[in-house]
Amino acid sequence: TPLFTGVDVSEIKELNDSNYNPNGCTALYDGINNCIESIKEQQGTKDKNAAVLIIVLTDGMENASKTINSSALGEKVKSLEESGKWTFTLMGPSDQVKNMASILNVKAGNISGFDVNSVKSRAGAGAAMRSSIGSYFSLRSQGIEQVDSFYKKEEKIDSEIDVKPAIDVKNTFFTGQFTIESKN
């Protein structure tokens, strides 16, 4: 059930126990597909200068989708990426993210993993994502519409992946729209 769709990020209220209740069911494919379809309906997405960034962040595997299967979603992602206007990224558990990316046709440079049991790794993943988003919008400001190296993996440190953005960006601000879903 979408909590927010097509809402400016400045209008999003903080998630809390009363409006968001994760319960171990991850309808990952349905969520990604719903996001794609919602974005396609947004005014301006067919503009010649428009580009779409889909960031998938999960702490587990798909286990509850009912409207689309992995094969159909993977083909949809591939087709949209072939347009040159869509970029898909995936961040998830280190031991699962490569397999998930393969199923969904997410490019290797656009995936990153973290250890779900490590506070340090989860914090690092958040920092890497923020920095990579800044890098993406910097590239967009230069006219680049699609990236295939959203995350740049540097090296493993104590079994945790140190991820750095493809380029360094300072003072990059953006607003956007996104969908958050919760299975109730």
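Please refer to the structure placed before this passage.
Residues numbered from 1 in each chain as written. Predicted model: local features only at pLDDT ≥ 70, side-chain atom pairs only at ≥ 80, totals over all residues. Heavy atoms only, no water.

A. Representation of the overall build of the protein within the structure. Regarding its fold elements, the protein presents 4 helices and 7 strands. Element order for the protein, N to C, with α for helix and β for strand: β-α-β-α-β-α-β-α-β-β-β. Within the protein, contacts between residues at least 6 apart in sequence are counted, and of these 72% link residues at least 24 apart. Total accessible area computed for the protein in this model is approximately 10,800 Å², and 48% of it derives from carbon and sulfur atoms. (Helix = DSSP H or I, 4+ residues; strand = E, 2+ residues; numbered from the N terminus. Contact = heavy atoms within 4.5 Å. Areas by Shrake-Rupley, 256 points an atom, 1.4 Å probe, with all protein chains shown as cover.)

B. Local environment of the nonpolar core. Residues Ile 54, Leu 73, Trp 86, Phe 88 and Leu 90 are the most contacted members of the largest nonpolar core, which totals 22 residues. At the level of secondary structure, the elements contributing two or more residues to this core comprise helix H1 (28-41), strand E2 (52-57), helix H2 (70-82), strand E3 (86-93) and helix H3 (97-104). In this view, Leu 90 contacts Val 56, Thr 58, Val 97, Met 100, Ala 101, Val 106, Asn 110, Ile 111, Ser 112 and Tyr 151; residues no more than four positions away in its chain are not counted. Grouped together as the second largest cluster of nonpolar side chains are 11 residues, Met 129, Ile 133, Tyr 136 and Phe 150 included. (Core = buried A, V, L, I, M, F, W, Y, C linked by side-chain atoms within 4.5 Å. Buried < 20%, exposed > 50% of the residue type's maximum accessible area, 1.4 Å probe, protein only.)

C. Fine view of empty space enclosed by the protein. In this structure the tally under the stated criterion is 2 cavities of 30 Å³ or more. The space that makes up the second largest cavity amounts to roughly 30 Å³. If you go around the second largest cavity, the residues you meet are Ile 32, Val 56, Val 77, Phe 88, Thr 89, Leu 90, Leu 104 and Val 106. Class assignment of the residues belonging to the lining of the second largest cavity gives a composition of 7 nonpolar, 1 polar and no charged. (1 Å grid on protein atoms, 1.4 Å probe; cavity = no way out; pocket = protein on both sides within 12 Å on 5 of 7 lines; lining within 4 Å. Points joined across faces, edges and corners; volume = space filled by probe spheres on them. Nonpolar A, V, L, I, M, F, W, Y, C, P; charged D, E, K, R; others polar.)

D. Local environment of H1. For H1, built from 14 residues, the straight-helix expectation of 20 Å at 1.5 Å per residue is met to within 8% by its first-to-last C-alpha distance of 20 Å. Among all positions in H1, only Leu 28, Tyr 29, Asp 30, Ile 32, Asn 33, Cys 35, Ile 36, Ser 38 and Ile 39 are buried. (Expected span 1.5 Å × (residues − 1).)

E. Focus on the packing of aromatic side chains. Tallied over the full model, the rule gives 4 aromatic pairs. Look at Trp 86 and Phe 88: their rings are 5.9 Å apart centre to centre, the planes differ by 15 degrees, and that puts the pair in the stacked class. In terms of burial, Trp 86 and Phe 88 fall into one category: buried. Measuring from centroid to centroid gives 5.2 Å for Tyr 136 and Phe 137, while their planes differ by 85 degrees, and the two rings are edge-to-face. Residue classification places Tyr 136 among the buried residues on the basis of a relative accessible area of 4%. (Phe/Tyr/Trp six-rings, centres within 6.5 Å; stacked < 30°, edge-to-face > 60°.)

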